[in-house]
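A closer look at the structure
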Amino acid sequence: HDSFDFPGPSRPTSIPRSTSYLSSDPWASCEEVNRLLSEGLDSWGFNVFGMSDLTGGKVLMVIGMEVMSQEGLFNSFCLDTATARRFFERAEAGYATADTVQYHSNLHAADVLQSVHVLLSRYGLRRLSIPTSQLALVLGAAIHDMGHDGRNNTFHVAKLDELAIIYNDQSVLEQFHAAQGFRLLLQESDSCLLRQLPNDLLTEVRQGIVASVLGTD
């Protein structure tokens, strides 16, 4: 059978950046924040914890907006940056913080999102995928554990709790996370980012997000 050699790491010769979304934040002019975003975001060694400290805990919003910018997704889909920022802020608010849920926190979501960017930018995934898939991966990473309570599916099913009943014991948490995310992306008037897409693209991106989030079960 034919084999496929996955491309090795390569660093882009230039990284497009637009930090206007940071202009109103008190740490917008912080040299360390800008250095990390411009030089380290496409590295496995990126310090998510340090970025969280520097940005007052808004690490998912900052990384989400920066990845959208560096991946060219704002331009590719003519997406409004203010709406995107509100989406990432609300998604981040939907996560527990690391002091209450040790793993499935906003830090974890930011870490996964940054890892998706590494795969897209340095390991060839951008060249092997279409823009709708890239947008689905980025948004899916942002919401993939949204609302997680620190317990697993087995716990919820055994308890026969509300989530297990709503989702019929099938990928209970993953379906919940996706639903929480789509409420922001499709229903909340000031964060409904996907409503800015034509219907055919919206359907394609939505299907990709569903597949990526349910695939984490």
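Next up on the list: the overall build of the chain. Regarding its fold elements, the chain presents 11 helices and zero strands. For the chain, the N- to C-terminal ordering of α and β elements is α-α-α-α-α-α-α-α-α-α-α. The C-alpha atoms of the chain give a radius of gyration of 17 Å, which matches the 17 Å a tight globule of 217 residues would have. The dimensions of the chain, computed from C-alpha atoms along their principal axes, are 50 × 50 × 35 Å. With 217 residues in all, the chain has 46% of them scored as buried. Of the roughly 10,700 Å² that the chain leaves accessible, carbon and sulfur atoms contribute 51%. Averaged over its 15 positive side-chain charges, the chain has a centre that lies 3 Å from the centre of its 26 negative ones.

One pass over the full model with this rule turns up zero disulfides. The cysteine C192 is free of any disulfide, with C78 supplying the nearest cysteine sulfur at 16 Å.

Considering every residue of the chain, the mean pLDDT works out to 90; 91% of them sit at 70 or more. Scored below 50 in pLDDT, residues 1–7 shows seven contacts in the model against residues more than four places distant or in partner chains. Contacts from residues 11–16, a stretch scored under 50 in pLDDT, to residues over four places away or in other chains number 12 contacts.

In this structure, L184 sits in helix α10 (residues 172–187). Sequence separation between L184 and R90 is 94 residues, and the spatial gap between their C-alpha atoms is 7.5 Å. In this view, L184 contacts F87, R90, A91, M146, S191 and C192; residues no more than four positions away in its chain are not counted.

Attention now moves to the nonpolar core. Membership of the largest hydrophobic core comes to 53 residues, with the highest contact counts inside it found for L194 and I209. In terms of residues, this core owes the most to one element, helix α3 (residues 59–70), which gives eight residues. Once residues within four sequence positions are removed from consideration, I209 is found in contact with A136, L139, G140, I143, F182, L185 and L194. Membership of the second largest hydrophobic core comes to five residues, among which are Y167, V172, L173 and F176.

Attention shifts here to the packing of α3 against helix α6 (residues 106–122). The geometry of α3 relative to α6 is characterised by a closest axis approach of 9 Å and an angle of 15 degrees between their N-to-C directions. It follows that α3 is roughly parallel to α6 by the angle criterion. Our pair here, α3 against α6, has a crossing hand that is left-handed. Contacts between α3 and α6 involve V59, L60, I63, G64, V67 and Q70 from the first element and N106, L107, A109, A110, L113, Q114 and H117 from the second.

Reading the values: rules and limits
- Residues numbered from 1 in each chain as written.
- Predicted model: local features only at pLDDT ≥ 70, side-chain atom pairs only at ≥ 80, totals over all residues.
- Heavy atoms only, no water.
- Helix = DSSP H or I, 4+ residues; strand = E, 2+ residues; numbered from the N terminus.
- Rg over C-alpha atoms; globule rule 2.2 N^0.38 Å.
- Buried < 20%, exposed > 50% of the residue type's maximum accessible area, 1.4 Å probe, protein only.
- Areas by Shrake-Rupley, 256 points an atom, 1.4 Å probe, with all protein chains shown as cover.
- Lys, Arg positive; Asp, Glu negative; His and termini not counted.
- Charge placed at Lys NZ, Arg CZ, Asp CG, Glu CD.
- Disulfide = S-S within 2.5 Å.
- pLDDT = per-residue confidence, 0-100.
- Contact = heavy atoms within 4.5 Å.
- Core = buried A, V, L, I, M, F, W, Y, C linked by side-chain atoms within 4.5 Å.
- Axes fitted to C-alpha atoms, helices over the stretch in contact; angles between N-to-C directions.
- Parallel < 35°, antiparallel > 145°, perpendicular 65-115°, else oblique.
- Left-handed = near helix turned anticlockwise from the far one by under 90°.

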